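# Descriptive structure summary
Here is how the chains run, residue by residue.
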Amino acid sequence: MDLAIYVVLGLLLMDYDDFYDESKGAYWSLESMTTSQKTTYIGLNIWHVINVIIIGYVIYRIVRSWKNNVLQQNL
């Protein structure tokens, strides 16, 4: 599911590359994007943050589980 969301957002952002107009602003600046492109760009960045949080939580659970197993073996 995660990868599918990245693919969809990436395909939507390809629209920006295809129709970029230098007269509207610098490349990848929000002023050079349409509303739908801005929404997709911000959505992609939010999805990055969500993924980092989830990966951090998974690592936390693994470390916590590992520490509990090590402590129980020492008792």
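Quick caveat, the model's predicted, so the values are computed rather than measured.

## Comments concerning the overall build of the protein
- Scanning the protein for helices and strands turns up 2 helices and 0 strands.
- Its C-alpha atoms give the protein a radius of gyration of 20 Å, clearly above 11 Å, the size a compact globule of 75 residues would have.
- Seen through its principal axes, the protein has C-alpha atoms that stretch 70 × 20 × 15 Å.
- Counting only residues that meet the buried cut, the protein has 15% of its 75 residues in that class.
- Of the contacts made within the protein by residues no fewer than 6 positions apart, 41% connect residues no fewer than 24 positions apart.
- Just so you have it, the protein exposes about 6100 Å², and 67% of that area is on carbon and sulfur atoms.

## Brief notes about a nonpolar patch on the surface
- Taken together, the side chains of Leu30, Ile42, Ile46, Ile50, Ile54, Tyr57, Val58, Tyr60 and Ile62 make up a nonpolar region of the molecular surface, amounting to roughly 840 Å² of accessible area.
- Mapped onto the secondary structure, Val58 falls in helix α2 (residues 35-74).

## A short note on the environment of Asn68
- Within the secondary structure, Asn68 is located in helix α2.
- Note on Asn68: relative accessible area 38%, which makes it partly exposed.
- Once the C-alpha coordinates of Asn68 and Tyr20 are considered, the two residues, 48 residues apart in sequence, prove to be 53 Å apart.

## Concerning unusual backbone geometry
- Here the phi dihedral of Trp28 falls at roughly 70°; this positive angle occurs in a residue that is not glycine.
- Mapped onto the elements, Trp28 comes out in the loop between α1 (2-18) and α2.

## Remarks on the side chain of Gln37
- By the element assignment, Gln37 lies in helix α2.
- Not counting residues up to four positions away in its chain, the partners in contact with Gln37 are Leu13, Asp15, Tyr16 and Ser32.

Conventions we followed
- Residues numbered from 1 in each chain as written.
- Predicted model: local features only at pLDDT ≥ 70, side-chain atom pairs only at ≥ 80, totals over all residues.
- Heavy atoms only, no water.
- Helix = DSSP H or I, 4+ residues; strand = E, 2+ residues; numbered from the N terminus.
- Rg over C-alpha atoms; globule rule 2.2 N^0.38 Å.
- Buried < 20%, exposed > 50% of the residue type's maximum accessible area, 1.4 Å probe, protein only.
- Contact = heavy atoms within 4.5 Å.
- Areas by Shrake-Rupley, 256 points an atom, 1.4 Å probe, with all protein chains shown as cover.
- Patch = residues over 30% accessible without salt bridge, like charges linked within 9 Å, V, L, I, M, F, W, Y side chains within 5 Å.
- Salt bridge = Lys/Arg side-chain N within 4 Å of Asp/Glu carboxyl O.

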